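The lines below spell out each chain.
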Amino acid sequence: MTPPADATADPLADRRFMAAAIALSERGRGLSTPNPNVGCLIVCEGRVVGRGWTQKGGRPHAEAQALEQAMDRARGATAYVTLEPCFHLSPRGPRCADLIVRAGIRRVVIALRDPDPRTDGQGAAWLRDHGVAAEMGLLEAEARAAMAGFVLRQTLGRPAVTLKLGLSLDGRIALPDGSSRWITGPDARAHAHLERARHDAILAGGGTLRADAPRLDVRLPGLESHSPRRILLSGEAAPQGWERIERPEDIAALERVDHLLVEGGAGAAAAFLRAGLVDRLLLYRAPILIGEGLAALGDIGLADLADAHGRWTLTDERRLGVDRLEVYVAARNA
Ligand SMILES: NC(=O)c1ccc[n+]([C@@H]2O[C@H](COP(=O)([O-])OP(=O)(O)OC[C@H]3O[C@@H](n4cnc5c(N)ncnc54)[C@H](OP(=O)(O)O)[C@@H]3O)[C@@H](O)[C@H]2O)c1
């Protein structure tokens, strides 16, 4: 039987399907370690016949899940994958490059080449050697952002760090007596909880622990089990249920943490910025003025105003109830 001719490239459709695969990959963020949060879509004659994203704990891989859904409809179809299909052998499951060949996929569109040296180009080469058209680089920057933790683990040996701050219009995070509940409203807090669910671990400084005794869990219906591990930045012992690091640089040694959310306070936030360890900023800005109070950041080591410019790129902004969210990424990652 002749397989359906799905190998005809339509650049607009390719972009649309890859964007959908990247959106799927976001579902595994904060859950998929030690594996990358990959997304995969299988499309036959313009119709989606399989969808997958890396599952909790890293298996099944996105491709395996999508192929299982697609069954026979994978024959002759196109697969959109946010990361080059893996080529390394693992006792935990098959290699995806091989699965794709055996399923009869005709064309594979890949966003990002796998920086893991065990695959790094070999997955795509295996596909081509077996008659599968493989293209790399579509929406690469977007895929890189969605899998930032995995990419930074591979390239810099540390997790991707997001710093979250709940601010007044005048840049305060607490009253002079330290009280900060609540600066933002329920919609912004719900969004912040969703962000927690998408991180492997969440960190607060010793000052915040002493002032607020925060639970740092996810209180969204259905997502309670997605509460991340809790990390304390402190010279003092951590309470039960928390892990502790003494310096921001120690995050490199946190096993199975690819995405870390730093929730303050001012001292911890400044320490991470000073160390050059913040990749993404989430600023939830409430329409209130506090005046005298605790500034959002302590000393970040800035000596010259010129050095402050060009460091952050706005990538998203939206209203959340009465509040406003601004998302910035470090210019080096943009
Ligand atoms: N609005 C918001 O988004 C928000 C979020 C969180 C907190 N807050 C507020 O922020 C206030 C707490 O902020 P804070 O600045 O006092 O405390 P903090 O940032 O929570 O913690 C500072 C502590 O971090 C530890 N640390 C370890 N290494 C450090 C380093 N290199 N640099 C700085 N600190 C280091 C030290 O802990 P040890 O002293 O234990 O060694 C230090 O005392 C509270 O009032 C809280 O309500 C607001």
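Placed above this text is the structure.
So, here is what we can say about the structure in this document. As the structure is a computational prediction, the values presented were derived from the model and not from experiment.

Right, let's get into the overall build of the protein chain. Of regular secondary structure, the protein chain possesses nine helices and 15 strands. Since a compact globule built from 334 residues should have a radius of gyration of about 20 Å, the 22 Å found for the protein chain is in line with a globular shape. For the protein chain, buried positions account for 49% of its 334 residues. Relative to all contacts within the protein chain whose residues are 6 or more apart in sequence, the contacts with residues 24 or more apart total 73%. Just so you have it, the protein chain exposes about 15,800 Å², and 52% of that area is on carbon and sulfur atoms. Distance between charge centres in the protein chain, computed from 43 positive and 42 negative side chains, equals 3 Å.

The mixed open sheet is built from five strands, whose spatial order is β2-β1-β3-β4-β5. The open sheet has two edge strands with one neighbour each: β2 (47-53) and β5 (133-136). Ignoring which end each strand starts from, the neighbouring axes of this sheet average 15° apart. Inspection of the sheet shows strand β1 (residues 39-44) paired to strand β3 (residues 78-83) by four bridges, in the antiparallel sense. Residue pairing for β3: cysteine 40 is matched across the bridge by valine 81.

All right, on to the site of the ligand then. Neighbouring the ligand are 27 residues, the closest being Gly178, Thr208, Ser234, Gly235 and Ala268. Within the side chain of threonine 208, one N or O atom sits 2.6 Å away from an oxygen atom of the ligand. A distance of 2.8 Å is found between an oxygen atom of the ligand and a side-chain nitrogen or oxygen belonging to aspartate 212. Notes on the ligand: free accessible area 930 Å², of which the protein chains cover 76%. In terms of residues, the shell around the ligand owes the most to one element, helix α8 (residues 206-212), which gives six residues. Looking at side-chain class alone, the shell around the ligand contains 10 nonpolar, 12 polar and five charged residues.

Moving on: a nonpolar patch on the surface. Nonpolar side chains collect at one region of the surface, where Leu297, Ile300, Leu302 and Leu305 lie side by side and expose about 330 Å² of accessible area between them. Its place among the elements puts leucine 302 in the loop between β13 (294-295) and β14 (312-320).

For the rest of this paragraph, the subject is unusual backbone geometry. Cis rather than trans, the peptide bond between arginine 59 and proline 60 has omega equal to -10°. Relative to the elements of secondary structure, proline 60 occurs in the loop between β2 and α2 (62-70). The linkage connecting glycine 264 with the following residue, glycine 265, adopts the cis geometry, with an omega of 0°. Structurally, glycine 265 can be placed in the loop between β11 (259-262) and α9 (266-274). Phi is positive for leucine 139, which is not a glycine, with a value near 55°. For leucine 216, which is not glycine, the phi dihedral falls at a positive 55°. Note on leucine 216: relative accessible area 3%, which makes it buried.

Another point: the sheet that holds strand β15 (residues 323-330). Taking strand neighbours across the sheet as the criterion, the eight strands line up as β10-β9-β8-β11-β6-β12-β15-β14 in an open arrangement whose pairing is mixed. Only two strands of the sheet have a single neighbouring strand rather than two, namely β10 (242-245) and β14. Within this sheet the neighbouring strands show an average axis-to-axis angle of 25°, counted without direction. Where strand β12 (residues 280-285) lies against β15, six bridges are found, and the strand directions are antiparallel. By the bridge assignment for β15, tyrosine 284 is matched with leucine 325. Across the sheet, helix α7 (residues 186-197) lies against β6 (160-167), β8 (201-205), β11, β12, β14 and β15, angled at about 160° from β12, the strand it touches most. Sitting on the sheet, α9 touches β6, β8, β9 (229-233), β11 and β14, and the angle it makes with β6 is about 140°.

Turning to the packing of α2 against helix α3 (residues 96-103), a few remarks are in order. Relative orientation of the contacting elements α2 and α3 amounts to 20°, with a least axis distance of 9 Å. Regarding the angle of α2 to α3, the classification is roughly parallel. The chirality of how α2 crosses α3 is left-handed. Taken together, the residues of α3 that come into contact with α2 (itself represented by Glu63, Ala64 and Leu67) are Cys96, Leu99, Ile100 and Ala103. When the residues that make up the contact of α2 with α3 are grouped by side-chain class, the tally is six nonpolar, no polar and one charged.

Okay, the pattern of salt bridges next. Tallied over the full model, the rule gives 21 salt bridges. Of the charged contacts, one joins aspartate 116 and arginine 118 as a salt bridge, the two residues approaching to 2.8 Å between their closest N and O atoms. Relative accessible area serves as the criterion here: at 6%, aspartate 116 is assigned to the buried category. The network of salt bridges with common partners includes Asp14, Arg107 and Glu135.

Conventions used here
- Residues numbered from 1 in each chain as written.
- Predicted model: local features only at pLDDT ≥ 70, side-chain atom pairs only at ≥ 80, totals over all residues.
- Heavy atoms only, no water.
- Helix = DSSP H or I, 4+ residues; strand = E, 2+ residues; numbered from the N terminus.
- Rg over C-alpha atoms; globule rule 2.2 N^0.38 Å.
- Buried < 20%, exposed > 50% of the residue type's maximum accessible area, 1.4 Å probe, protein only.
- Contact = heavy atoms within 4.5 Å.
- Areas by Shrake-Rupley, 256 points an atom, 1.4 Å probe, with all protein chains shown as cover.
- Lys, Arg positive; Asp, Glu negative; His and termini not counted.
- Charge placed at Lys NZ, Arg CZ, Asp CG, Glu CD.
- Pairing = 2+ DSSP bridges.
- Axes fitted to C-alpha atoms, helices over the stretch in contact; angles between N-to-C directions.
- Near = heavy atom within 4 Å.
- Polar contact = N/O pair within 3.5 Å; in protein donor to acceptor, adjacent residues only side chain to side chain.
- Nonpolar A, V, L, I, M, F, W, Y, C, P; charged D, E, K, R; others polar.
- Patch = residues over 30% accessible without salt bridge, like charges linked within 9 Å, V, L, I, M, F, W, Y side chains within 5 Å.
- Salt bridge = Lys/Arg side-chain N within 4 Å of Asp/Glu carboxyl O.
- Parallel < 35°, antiparallel > 145°, perpendicular 65-115°, else oblique.
- Left-handed = near helix turned anticlockwise from the far one by under 90°.

Interpretation note: all reported values are geometric properties and have no functional meaning in isolation.
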